[in-house]
Amino acid sequence: MKKIILPIVAVSALAAATVPAAAMAQPINQRQAQLEQRIDRGVRTGDLNRHEARRLQGELREVARLEYRYRAGGLNGWERADLDRRLDRISAQIRYERNDRDYGHGYGRGDRNDHRGRW
């Protein structure tokens, strides 16, 4: 069994090493669209209030503007990595905001006038 697994692992590692990282990464526009969908879904479910959603959408617009500037001169590896890092950070912020149980401020579920024990 070990004789079969070792060559499979070696071939898999070699194949992964030869595929460029950019080819394995998700296209930037696709990631932006998925993040927008997550924000919209968060608003619909009440996990994000309007203020949080507006701020997150603004950050996505900033990344889109930066991408436009980067692409004007040709998108190089550093610029692609910079955009990926920024999208990763926004993704983490969406995850945090959707799970922070911050329903108040009169925007989402359960504001201060809602006396159902959420505060």
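Quick caveat: nothing in here was measured; it's all calculated off a predicted structure.

A. Seen up close, the overall build of the protein chain. For the protein chain, the count of helices and strands is five helices and zero strands. Element order for the protein chain, N to C, with α for helix and β for strand: α-α-α-α-α. A burial count over the protein chain gives 30% of its 119 residues as buried. Put simply, 65% of the contacts in the protein chain that link residues at least 6 apart link residues at least 24 apart. Accessible area for the protein chain stands at about 8,500 Å²; split by element, carbon and sulfur atoms hold 55% of it.

B. Highlighting the side chain of Glu79. When you line up the elements, Glu79 lands in helix α5 (residues 77-99). The charged side chain of Glu79 is buried without a salt bridge, its nearest counter-charge being Arg71 at 8.6 Å. Every residue in contact with Glu79, bar those within four places of it in the chain, is listed here: Tyr70 and Gly74.

C. Up close: the nonpolar core. Ranked by size, the top nonpolar core spans 14 residues in total, and within it Leu35, Ile39, Leu60, Leu83, Leu87, Ile90 and Ile94 carry the most contacts. Going through the elements one at a time, α3 (28-45), α4 (50-72) and α5 are the ones with two or more residues in this core. Here this core gets six residues from one element, more than from any other, and that element is α4. When sequence neighbours within four positions are dropped, the list of residues in contact with Leu83 reads Ile28, Val63, Leu66, Glu67, Tyr70 and Leu75.

D. Here's a closer look at the packing of α3 against α5. Put simply, α3 and α5 touch, their axes get as near as 11 Å, and they point 10° apart. One finds that α3 runs roughly parallel with respect to α5. Between α3 and α5 lies a crossing of left-handed hand. Counted together, Ile28, Arg31, Gln32, Leu35, Arg38, Ile39, Arg41, Gly42 and Thr45 of α3 and Arg80, Leu83, Asp84, Leu87, Asp88, Ile90, Ser91, Ile94, Arg95 and Arg98 of α5 form the full contact between these two elements.

E. Highlighting α4. For α4, which comprises 23 residues, the first-to-last C-alpha distance of 33 Å matches the rise-based estimate of 33 Å (1.5 Å per residue) to within 8%. Every buried residue belonging to α4 is among Glu52, Ala53, Leu56, Gly58, Glu59, Leu60, Val63, Leu66, Glu67 and Tyr70, and all of these are buried. In the core, the buried residues of α4 are packed alongside α3 and α5. At the N-terminal boundary of α4, the capping side chain belongs to Asn49, with an oxygen 3.1 Å from the backbone nitrogen of His51. Taken from the residues just after α4, Gly74 is the one with a positive phi, measuring 90°.

What counts and how
Residues numbered from 1 in each chain as written. Predicted model: local features only at pLDDT ≥ 70, side-chain atom pairs only at ≥ 80, totals over all residues. Heavy atoms only, no water. Helix = DSSP H or I, 4+ residues; strand = E, 2+ residues; numbered from the N terminus. Buried < 20%, exposed > 50% of the residue type's maximum accessible area, 1.4 Å probe, protein only. Contact = heavy atoms within 4.5 Å. Areas by Shrake-Rupley, 256 points an atom, 1.4 Å probe, with all protein chains shown as cover. Lys, Arg positive; Asp, Glu negative; His and termini not counted. Salt bridge = Lys/Arg side-chain N within 4 Å of Asp/Glu carboxyl O. Core = buried A, V, L, I, M, F, W, Y, C linked by side-chain atoms within 4.5 Å. Axes fitted to C-alpha atoms, helices over the stretch in contact; angles between N-to-C directions. Parallel < 35°, antiparallel > 145°, perpendicular 65-115°, else oblique. Left-handed = near helix turned anticlockwise from the far one by under 90°. Expected span 1.5 Å × (residues − 1). Polar contact = N/O pair within 3.5 Å; in protein donor to acceptor, adjacent residues only side chain to side chain.

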